[in-house]
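Okay, here's what each chain looks like letter by letter:
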Amino acid sequence: MRRPRVDWMTRADDAILEFLLNEGNRPLVANPSTVEANIDYKISHVRRRLRALQDGGLVEYYDKDRGLYRISDQGQAYLEGELESEDLEPS
């Protein structure tokens, strides 16, 4: 399916979501450093984009105290092309 066009999202966002989804396996729980080590973006950018994705409902904290994120149900639906762009506005 085709993903909706969302103005606030970047290529890094797709890379982060796809990493956390871990297609074909169990979704991952990761901190920003682990995400950064597995995709081609600097840690400062990964942190900013994780906050934006969280504001948009596409990722959520798994454990806030430890800074661990996971892809949300909405993030999975986005990757599967099941959402409209208006459903993806950051809060």
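Treat the numbers as computed from the prediction; the structure is a model and nothing was measured.

About the thresholds
The residue numbering used here restarts from 1 in each chain and proceeds along that chain's sequence as written. Local features are withheld for residues below a pLDDT of 70 in this predicted model, meaning they are given only at 70 or higher, and side-chain atom pairs are given and counted only at 80 or more; totals for whole chains, interfaces and linings count all residues. Working from all heavy atoms in the structure, the side-chain values ignore hydrogens and water. Angular values range over 0 to 180 degrees, each being the angle between N-to-C directions of two axes fitted as lines to C-alpha atoms, with helices fitted over their stretch in contact. Numbered from the N terminus, helices here are DSSP runs of H or I no shorter than four residues, and strands are runs of E no shorter than two. Should an angle lie under 35 degrees it is considered roughly parallel, over 145 roughly antiparallel, and from 65 to 115 roughly perpendicular; all remaining angles are considered oblique. We call two residues in contact whenever any of their non-hydrogen atoms come within 4.5 Å of each other. Only Asp, Glu, Lys and Arg are considered charged in this grouping, and only Ala, Val, Leu, Ile, Met, Phe, Trp, Tyr, Cys and Pro are considered nonpolar; every other residue, Gly among them, is considered polar. When a carboxyl oxygen of Asp or Glu is within 4 Å of a side-chain nitrogen of Lys or Arg, the pair counts as a salt bridge. Only protein chains enter the calculation, and the probe is 1.4 Å; a residue is then buried if its accessible area is under 20% of its type maximum, exposed if over 50%, and partly exposed in between.

What about the packing of helix H1 (residues 11-21) against helix H3 (residues 43-55)?
Their axes nearest at 10 Å, the elements H1 and H3 cross at an angle of 80 degrees. The angle between the axes of H1 and H3 places the two elements in the roughly perpendicular class. Where H1 approaches H3, its residues Ala-12, Asp-13, Ile-16 and Leu-17 are matched on the opposing element by His-45, Val-46, Arg-49, Leu-50 and Leu-53. Counted by class, the contact of H1 with H3 contains 6 nonpolar, 1 polar and 2 charged residues.

Some remarks on the pattern of salt bridges
Applying the stated rule across the entire model yields 3 salt bridges. A salt bridge links Asp-13 to Arg-49; its shortest N-O distance comes to 2.7 Å. Taken together, the residues span a long stretch of sequence, with Asp-13 in helix H1 and Arg-49 in helix H3 at a distance of 36 residues. Assigned by exposure class, Asp-13 and Arg-49 land together as buried. Here Arg-70 makes a salt bridge to Glu-60, at a shortest N to O gap of 2.8 Å. Placement of the pair is Arg-70 in strand E3 (residues 68-71) and Glu-60 in strand E2 (residues 59-63), with a sequence separation of 10 residues. Take Glu-60: its relative accessible area is 30%, and that puts it in the partly exposed class.

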